[in-house]
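# Observations on chain architecture
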Amino acid sequence: MSLINTQVKPFKATAFHNGKFVPVSDESIKGKWSVVVFYPADFTFVCPTELEDLGEHYEMLQKLGVEVYGVSTDTHFSHKAWHDTSDKIGKLRYAFLGDQMHALSNAFGVLREGVGLADRATFVIDPDGVIQIMEITCEGVGRNANELVRKIRAAQYVRAHPGEVCPAAWEEGAETLAPSLDLVGKI
């Protein structure tokens, strides 16, 4: 079942962020664009590569008004230990939420039944708390932060320009479309 255009369900979690344990909830993400990035587990293989890639785009995302939240079914204590022991993870500045009770993974529909791990999934949430983009991939395929940034820019453009849509491979500054009866069969 798609979660596109649905409101994020209420949640409360503890995150490891900037050397501290902090509370994060559905209310924390409202009022700004948010990216919630689920990954299977700390201390693994593909996860640190894609989380580092996302970290390399974090400053750009911040300039776009986007906050990033990493989530796995590990605890916030495990997130701290990973930050303390991994060069790649230790340099990341976005929050890592613990989901050991699987509340977030279940709410977003990404918990692998019988395994206790989250799928590799990304959700882009608008300032109203509505999911605009979702992507779920198999465990062995890492995500690309460049493509995520492109999609966020497109979602922000569409929100700011009602009546316009972004065609395939749209990049900021490129031509958009204004759907109408005149375009049917002409694209």
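For the structure given in this document, a descriptive report is provided here. This structure is a prediction, so every number in the text was calculated from the model and none was measured.

### Observations concerning the side chain of threonine 137
Within the element layout of this structure, threonine 137 appears in strand β7 (residues 131–137). Given the relative accessible area of 18%, threonine 137 is considered buried.

### Observations regarding helix α4 (residues 76–85)
Residues of α4 that are buried: His76, Ser78, His79, Trp82 and His83. End-on, the buried residues of α4 take up no more than an arc of 155°, which puts them together on one face. In α4, the exposed positions angled more than 90 degrees off the buried face are occupied by Phe77, Asp84 and Thr85. The inward-facing, buried residues of α4 contact β1 (12–17), β2 (20–25), α2 (46–56), β4 (66–72), α5 (87–90) and β5 (95–98).

### Some points on the pattern of salt bridges
Counted by the stated rule, this structure contains 13 salt bridges. When the shortest N-O distance is used, the salt bridge between aspartate 119 and arginine 112 registers 3.1 Å. Several salt bridges share partner residues, and in doing so they unite Glu50, Arg120 and Arg143 into one network.

Basis of the calculations
Residues numbered from 1 in each chain as written. Predicted model: local features only at pLDDT ≥ 70, side-chain atom pairs only at ≥ 80, totals over all residues. Heavy atoms only, no water. Helix = DSSP H or I, 4+ residues; strand = E, 2+ residues; numbered from the N terminus. Buried < 20%, exposed > 50% of the residue type's maximum accessible area, 1.4 Å probe, protein only. Arc of directions from axis to C-beta. Contact = heavy atoms within 4.5 Å. Salt bridge = Lys/Arg side-chain N within 4 Å of Asp/Glu carboxyl O.

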